[in-house]
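Take a look at the letters that make up each chain.
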Amino acid sequence: MSAPDTGEPVAWRPPLARGEGFALCTAFEALLKGLLECELPVAQVLSPRRPPLESIFRAVSDERTAEVLERHGLRLVPAVDAARGVSLAVRSSAMGRRSLVCVPNDQLDIAMATAWRDGARDGSTGGRAVLLLEDNPYLVPGACPVRAARALGLPCLTPSDLHGLRVAVQDAFRMAGASGPAVALAVHVGLLRSLATLAL
């Protein structure tokens, strides 16, 4: 049911600050929308500020979007690199907080070595960590996120569109909570740079 037409102009609101209708969303808006809708509260997103992952910080540049994240208790935390992000996520999970860590493809090896060292594969995260692994075969053809996750024994989801990304991040936290170790989410760079109209 739509609002009655009062003749007043309707103020635009960013997609993350809306709960109905349709909006053109970036990949990171879809990702954050999925985190906000997650039945398990997520405390933080850790990400290096580098392309294309730095776009997650631009997605919350609007003050209304920042207010929504604050109401949900979700913080965006810049990490020096992916290894530091993984370490912080493992440490936070020991305190009962869920974290999503964004891993650039060229930092995949060091991030996965840190996950191995810090125990993300053996359940010491308590099912509270999800690793979003950028898949960029053009930039780093030898680093395959799906293979890296498999080598570490982590379950790995591979969404194919932005609606799938929005749902997959929620499924990843559910899977992590049920299985114990961290869960990987391998996302192609083309998807991270895409836009789609999503139902809010």
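Residues numbered from 1 in each chain as written. Predicted model: local features only at pLDDT ≥ 70, side-chain atom pairs only at ≥ 80, totals over all residues. Heavy atoms only, no water.

(A) View of the side chain of Asn105. Residue position: Asn105 is located in the loop between strand E4 (99–103) and helix H5 (108–118). A polar contact is formed between the side chain of Asn105 and the backbone oxygen of Ala143, at a distance of 3.2 Å. Each residue touching Asn105, except ones within four places of it in the same chain, is listed here: Glu134, Asp135, Asn136, Pro137, Val140, Ala143 and Pro145. (Helix = DSSP H or I, 4+ residues; strand = E, 2+ residues; numbered from the N terminus. Polar contact = N/O pair within 3.5 Å; in protein donor to acceptor, adjacent residues only side chain to side chain. Contact = heavy atoms within 4.5 Å.)

(B) Fine view of the sheet that holds strand E5 (residues 129–135). An order of E3-E2-E4-E5-E7-E6 is seen for the six strands of this open sheet, with the pairing classed as parallel. Pairing within the sheet leaves two strands with one partner each, and these edge strands are strand E3 (75–78) and strand E6 (156–157). In this structure, E6 lies alongside strand E7 (residues 183–188), joined through two bridges in parallel fashion. Its bridge partner being in E7, Cys156 is matched across the sheet by Ala184. (Pairing = 2+ DSSP bridges.)

(C) Focus on the packing of helix H4 (residues 82–94) against H5. The geometry of H4 relative to H5 is characterised by a closest axis approach of 8 Å and an angle of 25° between their N-to-C directions. By the angle between their directions, the pair H4 and H5 is classed as roughly parallel. For the pair H4 and H5, the crossing hand works out as right-handed. Where H4 approaches H5, its residues Ala82, Ala83, Val86, Ser87 and Val90 are matched on the opposing element by Ile110, Ala111, Thr114, Ala115, Arg117 and Asp118. Of the residues assigned to the contact of H4 with H5, the class counts are seven nonpolar, two polar and two charged. (Axes fitted to C-alpha atoms, helices over the stretch in contact; angles between N-to-C directions. Parallel < 35°, antiparallel > 145°, perpendicular 65-115°, else oblique. Left-handed = near helix turned anticlockwise from the far one by under 90°. Nonpolar A, V, L, I, M, F, W, Y, C, P; charged D, E, K, R; others polar.)

(D) Just the nonpolar core, in detail. Of all hydrophobic cores here, the largest spans 41 residues; its most connected members are Leu32, Leu35, Val45, Leu100, Leu132 and Leu185. Apart from the residues lying within four places of it in its own chain, the contact partners of Val45 are Leu32, Leu35, Ile56, Leu74, Arg75, Leu76, Val77, Leu100 and Cys102. (Core = buried A, V, L, I, M, F, W, Y, C linked by side-chain atoms within 4.5 Å. Buried < 20%, exposed > 50% of the residue type's maximum accessible area, 1.4 Å probe, protein only.)

(E) The arrangement of H5 in detail. Turning to H5, its buried residues are Leu108, Ala111, Met112, Thr114 and Ala115. Taken end-on, H5 shows its buried residues confined to a sector of 155°, consistent with a single buried face. Exposed and facing more than 90 degrees away from the buried side of H5 are Asp109 and Arg117. Looking at the buried residues of H5, the elements they touch are H4, E4, E5 and helix H6 (145–152). Note on H5: the residue one or two positions beyond its end, Gly119, has a positive phi of about 90°. (Arc of directions from axis to C-beta.)

(F) Quick look at the pairing of E7. Here E7 lies mainly inside the structure; five of its six residues are buried. Looking at chain direction, E5 and E7 are connected through six bridges and run parallel. Counted as the bridge partner of Val130 is Val183 from E7. At this point the chain moves from E6, through helix H7 (residues 162–179), to the parallel E7, and the crossover so formed is right-handed. (Right-handed = clockwise from strand over helix to strand, strands pointing away.)

(G) Region of the structure containing the pairing of E4. Taken across its five residues, E4 has five buried, putting it largely inside the fold. Taking every second residue as pointing to the same face, both faces of E4 are buried, with Ser99, Val101 and Val103 on one and Leu100 and Cys102 on the other. The pairing of strand E2 (residues 44–47) with E4 spans three bridges and is classified as parallel. Looking across to E4, one finds that Val45 is bridged to Leu100. For E4 and E5, the ladder comprises five bridges, and the chain directions are parallel. Across the sheet, the residue bridging to Val101 is Leu131, located in E5.

Purely spatial values, then, with no claim about function.
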